[in-house]
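Working through the structure, step by step
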Amino acid sequence: MNIDIRALAFLLFTFAVVQAQSVQKIAIKNLPKDIQYEGIIKEAISYTDSLGQHIVITSEKDIHISDKFHHENGGRDAELFVYNYLMSKDVYILNWKVYDYISDCPFDIEVSFLKNTFNVTDLDKDGICEVWIMYKLCCRSDVSPCDMKIIMYEGIQKFAMRGYNRVFGGTNKGVTYYYGGEYTFDSAFKNGPKQFRRFAEKLWEKNKMDKPYQQ
């Protein structure tokens, strides 16, 4: 019997994404009153694992001027947030939070989550879900690469993959070249289960290209 290894790998990858328990989208109007957040909600979900019932919110504050920051260059700011709330004694308490931003940018600015990269998994099958987010941060006046990050939490353990997206650099004598695309794993990823790194690498590869400049 012939087996398509690539197809099998894709099926296993897909299964890992959907096997987390009871993942459901939540309408903003249905969020419990004890859930606090900043910005405009992009996605809100609930899921259940061995730790209990969670609500996760991703939100953004698009280009604005915030009194959180000192503005020496007359620039603007943008922020993003991720909140994981865990039910405890009928009340949701903040379990962990991600916060990132660009401040005082005098050029083009973008701080945003990448589409279709928000995932909940249980890759190591230990009953504790992994929550994945991926986003980019740019302050640029050209087409140079943006900072790009994958942040994952398992329980309250943070894993980070940091680098740059990939941009089209031009063509020279018929040869197309690009800038960026490289990344590094933090120590948590390096020392963690190899399936975490494999998942992160696939997510990075799929989303590393800066779409407006893709050729």
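The model shown is predicted, which means the values in this text are computed figures rather than measured ones.

Cut-offs and rules
Residues numbered from 1 in each chain as written. Predicted model: local features only at pLDDT ≥ 70, side-chain atom pairs only at ≥ 80, totals over all residues. Heavy atoms only, no water. Helix = DSSP H or I, 4+ residues; strand = E, 2+ residues; numbered from the N terminus. Buried < 20%, exposed > 50% of the residue type's maximum accessible area, 1.4 Å probe, protein only. Disulfide = S-S within 2.5 Å. Pairing = 2+ DSSP bridges. 1 Å grid on protein atoms, 1.4 Å probe; cavity = no way out; pocket = protein on both sides within 12 Å on 5 of 7 lines; lining within 4 Å. Points joined across faces, edges and corners; volume = space filled by probe spheres on them. Nonpolar A, V, L, I, M, F, W, Y, C, P; charged D, E, K, R; others polar. Salt bridge = Lys/Arg side-chain N within 4 Å of Asp/Glu carboxyl O. Contact = heavy atoms within 4.5 Å. pLDDT = per-residue confidence, 0-100.

The secondary structure content of the protein chain amounts to 3 helices and 13 strands. Across the 215 residues in the protein chain, those meeting the buried criterion constitute 44%.

With that out of the way, let us pick up the state of the cysteines. For the structure shown, the criterion picks out 2 disulfides. Disulfide partner of C105: C139, at an S-S distance of 2.1 Å. Since a negative S-S torsion denotes a left-handed disulfide, the C105-C139 link at about 95° is right-handed. Here C105, found in strand β5 (residues 91-105), pairs with C139, found in strand β8 (residues 130-140); they are 34 residues apart in sequence, far enough to count as distant. Taking the relative accessible area as the measure of exposure, C105 reaches 1% and is therefore buried. By relative accessible area, which is 35% here, C139 ends up partly exposed. Across the disulfide, C138 is cross-linked to C146 (sulfur-sulfur distance 1.7 Å). Between C138 and C146, the S-S dihedral sits near 110°, and the bridge is therefore right-handed. With a relative accessible area of 4%, C138 lands in the buried category. Sequence-ordered numbering of the bonded cysteines in the protein chain gives a pairing of 1-3, 2-4.

With antiparallel pairing, the 5 strands of this open sheet are ordered in space as β1-β2-β3-β4-β5. Pairing within the sheet leaves two strands with one partner each, and these edge strands are β1 (24-25) and β5. Direction of pairing for strand β4 (residues 76-88) relative to β5: antiparallel, over a ladder of 12 bridges. Within the sheet, the bridge partner assigned to M87 lies in β5 and is Y92.

This part is about empty space enclosed by the protein. This model, assessed by the stated rule, comprises 1 cavity of 30 Å³ or more. When its volume is computed, the largest cavity comes out at roughly 30 Å³. Contributions of two or more residues to the lining of the largest cavity are made by β2 (40-49) and β5. Residue composition of the lining of the largest cavity, by class: 7 nonpolar, 4 polar and 1 charged.

As a further point, take the pattern of salt bridges. Tallied over the full model, the rule gives 8 salt bridges. Here K149 ties to D100 by a salt bridge, and the two come within 2.7 Å at their closest N and O atoms. In this pair, K149 sits in strand β9 (residues 147-154) while D100 sits in strand β5, placing the two residues 49 residues apart along the sequence. Side by side, K149 and D100 carry an identical accessibility label, which is buried.

Here we come to the side chain of S66. Looking at where S66 falls in the secondary structure, it is placed in the loop between β3 (52-64) and β4. On the basis of relative accessible area, S66 is assigned to the buried category, the value being 9%. In contact with S66, not counting residues within four places along its chain, are H71, D77 and E79.

Turning to the pairing of β2, a few remarks are in order. For a regular strand, side chains alternate in direction, first toward one face of the sheet and then toward the other. The pairing of β1 with β2 spans 2 bridges and is classified as antiparallel. Bridge assignment links K25 to a residue of β2, and that residue is I45. The sheet contact formed by β2 and β3 spans 9 bridges and is antiparallel. From the neighbouring strand, A44 faces β3, where its bridge partner is I57.

For the rest of this paragraph, the subject is the confidence of the model for the protein chain. Model confidence for the protein chain is summarised by a mean pLDDT of 90, while 88% of its residues fall at 70 or above. Throughout residues 7-19 the model reports pLDDT below 50, and contacts reaching past four residues in sequence, or to other chains, amount to 13 contacts.

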